[in-house]
Amino acid sequence: MHRIIVALAALLLGQTVAAQTSYEKGRYLAAAADCVACHTAVNGRPFIGGRPFHTPFGTLYSTNITPDEKTGIGNYTLADFRASMHRGKGVHGNLYPAMPYTSYYLVSEEDIEALYDYFMQLPPVEYTAPRNQLMFPANLRFGLTFWNWIFFDREPLAQPQGKSPEWQRGNYLVNALGHCGECHTPRNFAQAMRRDRHFAGNLLEGWDAVDIRPRALLRQGWDREHLRQLFTTGASDRGTAFGEMFRVVEHSLSHLSGDDINAIITYLLDGSDETSRVEGQPELAAERYAQGRADFVAYCAGCHGREGRGIVLDFAPPMDGNAGIRGQSPYNTIAVILRGLPAQRMDRNNARAGMQGFHRELDDARVAALVNFMRTAWGGSKDEVKVQEVAEIRHQLQEHGYLEAAQ
Amino acid sequence: MARIPVTMVVNGEQVGPVELDEYTSMLDFLQEYLNLTGTKLGCGIGVCRACSVIVEGADGSLESVRSCINNVGRFDGKKVTTVEGLAEHNAEGEIVALSPIQQAFLRNFSFQCGWCTAGFVNAATVLLDRLRREPVAADRVEDTIDEALGEHICRCTGYVRYFRAVREVIESTPGLVKEAE
């Protein structure tokens, strides 16, 4: 009798453990693929969709991916699920490429199955997202057949010889699940990613999703340790994650294992840890951009510290050596000054106060001088930002309503 | 350490030009140099907004600015009002009448320890100034107060009474509220 009970218990236990691991694996992969970020509206329930995406062709809404039979993906078979992930084919027609099937087609069969198992075990929620508001002809889903035909190049993941297994794992995480290219790769007129400019950076929602090719990252000062801090906590002495990238850290990167974070970094930096040397010239900068320095002291130093050295990271990052200041493009430095940044909160011990936008108080010439002062003093930059560049960025941000929203 | 000349108008009085260390925070300047101690240091990192003062823009509109994280240079040439300058004063400098917001805060007993009060008074004063120029729809009054004061922290949790006092002033002052759209 005892033996039977023990055997039964073992059987039950064994099954629970197996079920849990499959579910856990799917949950982990869903975090790596950051499904929740897009399929959740502001303050909405996770995975029920309804988040708007503003595209040049109109507004799209993410859909309900809980297993509700009426409004979600409850009726999807594994084959249906695979078709949506790999080919952008939904049960009701083509998906818009806002769904990153243009990256997910690289997700392995094993991972597709685990993700399917996970989503089918979520509690089903009945919810229908608002209808898409797209202009003609983008509103015709069959048109996407042509789009896919022309722009959806299902080239397999490059697996170059001579790279470490860690690099290969990072390659898969970054390109397939992480779908980093969807933001960091420039798009063409039809909003397709440009393969020839893979990871070269892209303007999105009034921010520069920066160039993340190895040389650009090293130039910005990102070494392994700083990237690890950024990916796990959202902040480092090289700067903080903001805009959509903060959500990526919050929902995806901070949930990944140490090994996977290491793999991602190895891939992104291509195994190097040699950041470019930057020769800051604070004296020259102060002399050349006196108004810029005065404004830094008056407006910025209270949080970013004397001589741009920061105070504590929980407060605001240093500007001396900041990736945005060191980077090739001054876009984000200008945009942050104009727009400000919302407060951030990762957890009880890791939060930032946010920053006021200065678009009302600082005109284009003063913003340019401030940016030039910082880039010369702490970024070693030799290219000067022109007043006209600031004016154009201000105009763009204004037009899309980003300057009022931050206030 | 560089020193810079600073000139401003504080509570209607000309201040300076005075030579100051360029890194002097506005809060330190008010307390240590002008003996205006009504503006309080709360968190010191620009979060709690206890230290907010009022700055008048070129077009006469008012803005609330945190004095702990901004150094004096930002206020050079500007008109600044602190909590000491809100009441109506006579020629001898004596207080004749408190401002409507101050009266409402007293009436509603909005504060206990009072540390955050100067910040709340100033932010509410800035809000009234804005509503005078851009009246708010009647059904948006509560949201508007929340947006204007929502970032201010009160550890005695006087929020409900602060909120009630500000709504009272907005609703009883002609011209601040328009009909709901």
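Keep in mind that what you see is a predicted model, and the values were worked out from it rather than measured.

Participant: Help me understand the sheet that holds strand β3 (residues 52–56) of chain B, please; the structure alone is not making it clear to me.
Facilitator: Adjacent strands of a sheet pair through backbone hydrogen bonds, lying either parallel or antiparallel. All names here are of chain B. In space, the five strands of this open sheet follow the order β2-β1-β5-β3-β4, with mixed pairing throughout. The sheet is open, and its two borders are formed by β2 (13–21) and β4 (62–66), each paired with just one other strand. Strand-to-strand twist across the sheet, computed as the mean angle between neighbouring axes with direction ignored, equals 40°. Bridge count between β3 and strand β5 (residues 79–81): three bridges; the pairing is antiparallel. When the sheet's bridge partners are listed, Val-55 is paired in β5 with Val-80. Running at roughly 110° to β2, helix α1 (residues 26–33) makes contact with β1 (3–10), β2, β3 and β5 of the sheet.

Participant: Help me understand the pairing of β2 of chain B, please; the structure alone is not making it clear to me.
Facilitator: A regular strand carries its side chains on alternate faces of the sheet. Residue and element names in this part refer to chain B. Where β1 lies against β2, seven bridges are found, and the strand directions are antiparallel. Opposite Val-10, over in β2, you have Glu-13 as the bridge partner. Where β1 folds back on β2, the antiparallel hairpin that results is connected by two residues, among which Asn-11 adopts a positive phi of roughly 50°.

Participant: What am I meant to see in the nonpolar core here?
Facilitator: For soluble globular proteins, nonpolar side chains are generally found buried alongside one another. Counting residues in hydrophobic clusters, the biggest one holds 62 residues, and the most contacted among them are Phe-81, Phe-119 and Phe-231 of chain A. What Phe-231 of chain A contacts, discounting residues up to four positions off in sequence, is Met-245, Val-249, Leu-253, Ser-254, Ile-261, Ile-264, Ile-265 and Leu-268 of chain A. Within the second largest apolar cluster, 35 residues are counted, among which are Cys-300, Ile-337 and Leu-403 of chain A together with Tyr-23 of chain B.

Participant: Whenever I open this one, a nonpolar patch on the surface confuses me. Can you help?
Facilitator: A surface patch of nonpolar side chains, amounting to about 570 Å² of accessible area, comprises Phe-142, Phe-146, Trp-149 and Ile-150 of chain A. By relative accessible area, which is 56% here, Ile-150 of chain A ends up exposed.

Participant: I tried to follow the interface of chain B and chain A on my own but got confused; where do I start?
Facilitator: Interface size is commonly expressed as the accessible surface area that is lost when the partners come together. Counting from both sides, the interface comprises 15 residues of chain B and, opposite them, 14 residues of chain A. Of the roughly 1,300 Å² buried at the junction of chain B and chain A (both faces included), carbon and sulfur atoms supply 47%. Three residues stand out in chain B for area buried against chain A, namely Tyr-23, Ile-69 and Arg-74 of chain B, and they jointly supply 46% of the buried area on that side. With a shortest N-O distance of 2.8 Å, Glu-22 of chain B and Arg-293 of chain A are connected by a salt bridge. Of the residues assigned to the side of chain B that touches chain A, the class counts are five nonpolar, four polar and six charged.

Calculation notes
- Each chain has its residues counted from 1, following the order in which its sequence is written.
- All chains are assigned letters beginning at A, and all ligands numbers beginning at 1, according to the order in which they are written.
- Confidence filtering applies because this is a predicted model: local features only for residues at pLDDT of at least 70, side-chain atom pairs given and counted only at 80 or more, and all residues used for totals across whole chains, interfaces and linings.
- Side-chain metrics rest on all non-hydrogen atoms present in the structure, leaving aside hydrogens and water.
- Two strands qualify as a pair provided DSSP detects at least 2 bridges between them.
- Each helix is a run of H or I in the DSSP string that is no shorter than four residues. Each strand is a run of E no shorter than two, and both are numbered from the N terminus.
- Only C-alpha atoms enter the line fits that serve as axes; for helices the fit covers just the stretch in contact. Angles between N-to-C directions range over 0 to 180 degrees.
- Only heavy atoms matter for contacts: two residues are in contact if any of them lie within 4.5 Å across the pair.
- Residues belong to a common nonpolar core when they are buried Ala, Val, Leu, Ile, Met, Phe, Trp, Tyr or Cys residues joined through side-chain atoms within 4.5 Å.
- When accessible area is computed with a 1.4 Å probe and restricted to protein chains, residues below 20% of their type maximum are described as buried, those above 50% as exposed, and intermediate ones as partly exposed.
- Only residues whose relative accessible area exceeds 30% and that take part in no salt bridge are eligible for patches, with like-charged residues grouped when within 9 Å of each other and nonpolar side chains (Val, Leu, Ile, Met, Phe, Trp, Tyr) grouped when within 5 Å.
- All accessible-area figures derive from a Shrake-Rupley calculation using a 1.4 Å probe, and residue coverage is judged against the displayed protein chains alone.
- In the sections that follow, a salt bridge refers to a side-chain nitrogen of Lys or Arg positioned within 4 Å of a carboxyl oxygen of Asp or Glu.
- A quick way to say it: buried area is the sum, across both parts, of accessible area lost when two parts are put together, with a 1.4 Å probe.
- In this count, Pro and Cys sit with the nonpolar residues alongside Ala, Val, Leu, Ile, Met, Phe, Trp and Tyr, while Asp, Glu, Lys and Arg are called charged and the others, Gly among them, polar.

Worth remembering: the numbers are spatial, not functional.
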